[in-house]
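# An overview of the molecular structure
One letter stands for each residue in the lines below.
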Amino acid sequence: MVGTKMPNDMKIAVFPGSFDPFTKGHEELVRRAIPLFDKIIIAIGINSQKKYLFSLEQRMEWIEKVFDNAPTVEVDTYEKLTAHYCNDVGAKYLLRGLRNASDFDYEKTISQLNAMVGDGLETVFLISEPQYSHFSSTIVREIIKGGGDPSPFLPRGIEIKN
Ligand code: ADP
């Protein structure tokens, strides 16, 4: 039928990551992707082998706060393979950001793998805006560990006291 969107036609994208913590770089990527998809699920991957600086609850709470006014953005967590999680939630797209050539080399392999495992799952890449291309969760963690002020790297409304 013309004009009505059935649930199966919904363009759902998953934006997977650790988001330890969520930065302004992540935020701008999601905001730029909002017009492209009917729904974006920011999905925090849980890897039991990995040590995180911030608790899962804290990371979720921050992201929910940032997108409080964005009705098509949801936050979730997952433990399985990213591609299997996408199938479970009916997402045919993955959203990822590219900051530089090393992101590209890494992401290229992962996206080809996800297309195989996820049965044609497409990864959509957005190139970082220049003013955010040096933003990363790693930098924020280093600043915090060193006693500095991470606020220039964080979305408005997120405060990490040092
Ligand atoms: P991971 O745990 O997979 O490394 P991250 O939480 O570091 O995940 O990042 C998730 C995604 O966000 C990745 O695609 C990464 O390239 C992208 N990203 C991170 N920082 C930025 C930024 N400043 N600009 C654009 N994309 C970014």
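I will try to describe carefully the structure that is included in this document. Owing to the predicted nature of the structure, the values given are computational and were not obtained by experimental measurement.

Under the defined criterion, the tally for this structure stands at 8 aromatic pairs. Ring centres 5.6 Å apart and planes at 50 degrees place the aromatic pair F37 and Y93 in the tilted group. Separated by 56 residues along the polypeptide, F37 in the loop between α1 (24-33) and β2 (39-45) and Y93 in strand β4 (residues 93-98) bring together distant segments of the chain. Classification of Y93 as partly exposed rests on a relative accessible area of 23%. Considering the side-chain rings of Y78 and Y85, the 4.8 Å spacing of their centres and the 20 degrees angle between planes classify their relative orientation as stacked. Each of the two residues, Y78 as well as Y85, counts as buried.

Looking now at the site of the ligand. Lining the immediate environment of the ligand, one finds 15 residues, of which S18, R96, G97, Y132 and F135 sit closest. One nitrogen or oxygen atom from the side chain of S18 is found 2.5 Å from an oxygen atom belonging to the ligand. Interatomic distance of 2.8 Å between a backbone N/O atom of Y132 and a nitrogen atom of the ligand. For the ligand, the protein covers 86% of the area, taking 560 Å² as the surface of the free molecule. Where the shell around the ligand is concerned, the elements lending two or more residues are β1 (12-17), α1, β4 and α4 (101-117). Per element, the largest residue contribution to the shell around the ligand is 3 residues, and it comes from β1.

This next bit is on the environment of K80. With respect to the helices and strands, K80 occurs in the loop between β3 (73-78) and α3 (82-89). Given the relative accessible area of 46%, K80 is considered partly exposed. C-alpha of K80 to C-alpha of N47: the two residues are 33 residues apart in sequence and 8.8 Å apart in space. With residues near it in sequence (within four places) discarded, K80 still touches Y85 and D88. Polar contacts involving the side chain of K80 include one to the side chain of D88, which spans 2.5 Å.

The next thing to look at is the pairing of β2. Most of β2 is tucked away, with 6 of its 7 residues classed as buried. Inspection of the sheet shows β1 paired to β2 by 6 bridges, in the parallel sense. Within the sheet, the bridge partner assigned to G17 lies in β2 and is I44. With respect to chirality, the unit in which β1 leads through α1 into the neighbouring parallel β2 is right-handed. Note on the crossover from β2 through helix α2 (residues 56-66) to β3: the handedness is right-handed.

Reading the values: the criteria
- Residues numbered from 1 in each chain as written.
- Predicted model: local features only at pLDDT ≥ 70, side-chain atom pairs only at ≥ 80, totals over all residues.
- Heavy atoms only, no water.
- Phe/Tyr/Trp six-rings, centres within 6.5 Å; stacked < 30°, edge-to-face > 60°.
- Helix = DSSP H or I, 4+ residues; strand = E, 2+ residues; numbered from the N terminus.
- Buried < 20%, exposed > 50% of the residue type's maximum accessible area, 1.4 Å probe, protein only.
- Near = heavy atom within 4 Å.
- Polar contact = N/O pair within 3.5 Å; in protein donor to acceptor, adjacent residues only side chain to side chain.
- Areas by Shrake-Rupley, 256 points an atom, 1.4 Å probe, with all protein chains shown as cover.
- Contact = heavy atoms within 4.5 Å.
- Pairing = 2+ DSSP bridges.
- Right-handed = clockwise from strand over helix to strand, strands pointing away.

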